[in-house]
Structures are given as C-alpha cells and as structure tokens.
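Single-letter residue listing:
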Amino acid sequence: MKTEEILTWAGKNGFVIDSVPCAEMVTVAASHSAVPFSCDFEIKTGLPEGIVRGESGELGICLSFRKRKPFDQTLKLIPRILHIGIGCRRGTADDAIQEAVKTVLDQNTLEEKAVRCVASIDLKADEKGLLSYCEKAGLSPVFYSAAELSEVPGNFTSSAFVQSVTGVDNVCERAALAGADELIVKKTALHGVTVAVAAEKLEVRFG
C-alpha cells in the first residue's frame, strides 16, 4: 500500500491521519514486508496487499478512536465518529465546558480528534459559553427539542430536576445518542457541566 493510497483511503472515509511522516515509513516497510493493522471495528472486506492483522511490532497502522498506539511507530488513523452530549447550568463559561469535556475524554482514553459534534437540548441554543466552546474547538453544535430527546431509545441516568427544567429526564446522554449508535460514556458531572459520549457505528471497507 503506497502512502498516497493510505492518505486517499483515510481521507475518503473521513479519518484523521495523526502522522504523515509515519505514513511514509509504512510505505517503505510495505515494499518489503507485511505491515500489521490494528482495528477496533469490523472489517467487511479483505485487507489490501501488504497489510495483515496485528497488535504489536515496530511499525504498524492503528484505526481507533481511543488513545492507544500498539506499535513502536504507529500510523494512527482516527475516525471522527464521537458525539459529545452536554448539559450545563445557565451562564456556564466556555473554559468550564472545555475542562469537563477534556477530563471525560482523558478519563476514558478517547481521542479529541475523534469528536464529530457537540449535542444538547435546544434550550441551550443561545448559551454563550457552549457556543463559544464549540467555536474554539472547531465543532458544530447540534440541538434537539425535548420531544426529540424523549424519543431516543435506551436506558438513561434520569433526573427529576432536569425533567422539571427541560421537559426531558436526561439531556447529555440522550443528546449524545440522538445522532449516534452506542452510548459509550454515561453522564459525568463536573463543575456544573454534564458530559456523555456516544459513537457512530463504523464498518471498515477497503477498495
């Protein structure tokens, strides 16, 4: 697999390439030996010539939204499939939201570059701190109505207080899952901010 093929395939699928120089190293290695490929997702096709499944070695490729590098030199490909659900008190500053999100991602070994969007209830659509955080982080905010959030299926961390204020029993978990497929981090409360994380389903296909 040539470097340009790796870059093209990753770009086509919306994956973040963590290190282009490492991609060059993979190109050299693939010209004379098989390169191991570590993947957190179901692979629906055969692997390209020169690539084999593997979890250790001097050099390899890793496709994951988690902070892990299984090889001594790892070409990390990061899929942008994480949705951050956020609830916050009125007037919460952007730096408090940033710190809460960073803490949750770090605690759960999740790549910041894997975040696709931030989601919340439409009552927060004019929340300056939340909007400022999204702008600084380069993320698009998505807002759902209480009715839309109530229709999201799943088992959530219910709060009578949140229900009384917003009309739905949980904002962050439901908002995170509304546009995704699996809730991977349940409600975490930090400094007046609640954060949850959900992931879109990903199936890997080459070719």
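In short, a report on the structure. Note that the structure is a prediction, hence the values are computed from the model and not measured.

Parameters at a glance
- Residue numbers here run from 1 along each chain, matching the order of that chain's written sequence.
- Only residues with pLDDT of 70 or above have their local features reported here, since the model is predicted, and side-chain atom pairs are shown and tallied only from 80 upward, although totals for entire chains, interfaces and linings are computed over all residues.
- Derived side-chain values reflect all non-hydrogen atoms in the structure, with water molecules and hydrogen atoms excluded from consideration.
- Only protein chains enter the calculation, and the probe is 1.4 Å; a residue is then buried if its accessible area is under 20% of its type maximum, exposed if over 50%, and partly exposed in between.
- The helix count covers DSSP runs of H or I at least four residues long, the strand count covers runs of E at least two residues long, and both are numbered beginning at the N terminus.
- Two strands make a pair as long as DSSP finds a minimum of two bridges between them.
- Axis definition: a line fitted to C-alpha atoms, over the contacting stretch in the case of helices. Angles run 0 to 180 degrees between N-to-C directions.
- Note on definitions: a residue-residue contact is assigned when non-hydrogen atoms from the two residues lie within 4.5 Å.
- As defined here, a cavity is a set of points on a 1 Å grid over the protein atoms alone where a 1.4 Å probe fits but cannot get out. A pocket is an open set with protein on both sides within 12 Å along at least five of seven lines, and residues line them when an atom is within 4 Å of a point.
- Grid points are joined across faces, edges and corners, and a volume is the space filled by probe spheres set on the points.
- Amino acids outside the nonpolar list (Ala, Val, Leu, Ile, Met, Phe, Trp, Tyr, Cys, Pro) and the charged list (Asp, Glu, Lys, Arg) are all regarded as polar, and Gly is one of them.

### Structural notes on the pairing of strand β11 (residues 193-199)
Logical step 1: Within β11, seven of the seven residues are buried, which leaves the element mostly enclosed by the surrounding structure.
Logical step 2: The alternating pattern of β11 places Val193, Val195, Val197 and Ala199 on one face and Thr194, Ala196 and Ala198 on the opposite face, and all of these are buried.
Logical step 3: Inspection of the sheet shows strand β7 (residues 82-88) paired to β11 by seven bridges, in the antiparallel sense. Bridge pairing in β11 links Cys88 to Val193.
Logical step 4: Sheet analysis places strand β10 (residues 182-190) next to β11, joined by six bridges and oriented antiparallel. Within the sheet, the bridge partner assigned to Val185 lies in β11 and is Val197.
Logical step 5: Counting the residues in the hairpin turn of β10 and β11 gives two residues, including His191, whose phi is positive at 55°.

### As for the sheet that holds strand β2 (residues 35-39)
Logical step 1: Taken in spatial order, the five strands make up an open sheet running β1-β6-β5-β2-β4, and their pairing is mixed. In this open sheet, the two strands that pair with only one neighbour each are β1 (15-17) and β4 (51-53). Going across the sheet, the axis of each strand differs from the next one's by a mean of 30°, ignoring polarity.
Logical step 2: Pairing analysis gives three bridges linking β2 to β4, with the strands arranged parallel. Bridge pairing links Pro36 to Val52 in β4.
Logical step 3: Contacts between helix α2 (residues 20-30) and the sheet are confined to β1, β2, β5 (59-63) and β6 (73-79), with β6 contributing the most and set at about 120° to the helix.

### Some remarks on the layout of surface pockets
Using a probe with the size of a water molecule, rolled over the atoms, empty space left in the structure can be pinpointed.
Logical step 1: Taken as a whole, the largest pocket spans an internal volume of roughly 480 Å³.
Logical step 2: Secondary-structure elements contributing two or more residues to the lining of the largest pocket are β7, β8 (115-121), α6 (160-166), β10 and β11.
Logical step 3: Of all the elements, α6 adds the most residues to the lining of the largest pocket, at four residues.
Logical step 4: Looking at the lining of the largest pocket residue by residue, the class counts come to 11 nonpolar, nine polar and five charged.
Logical step 5: If you add up the space inside the second largest pocket, you get close to 320 Å³.
Logical step 6: As for the second largest pocket, its lining consists of 17 residues, of which Gln98, Val101, Glu112, Tyr133 and Ala137 are closest to the centre.
Logical step 7: In terms of residue count, helix α3 (residues 94-107) provides more of the lining of the second largest pocket than any other element does, seven residues in total.
Logical step 8: In terms of residue class, the lining of the second largest pocket is made up of seven nonpolar, one polar and nine charged.

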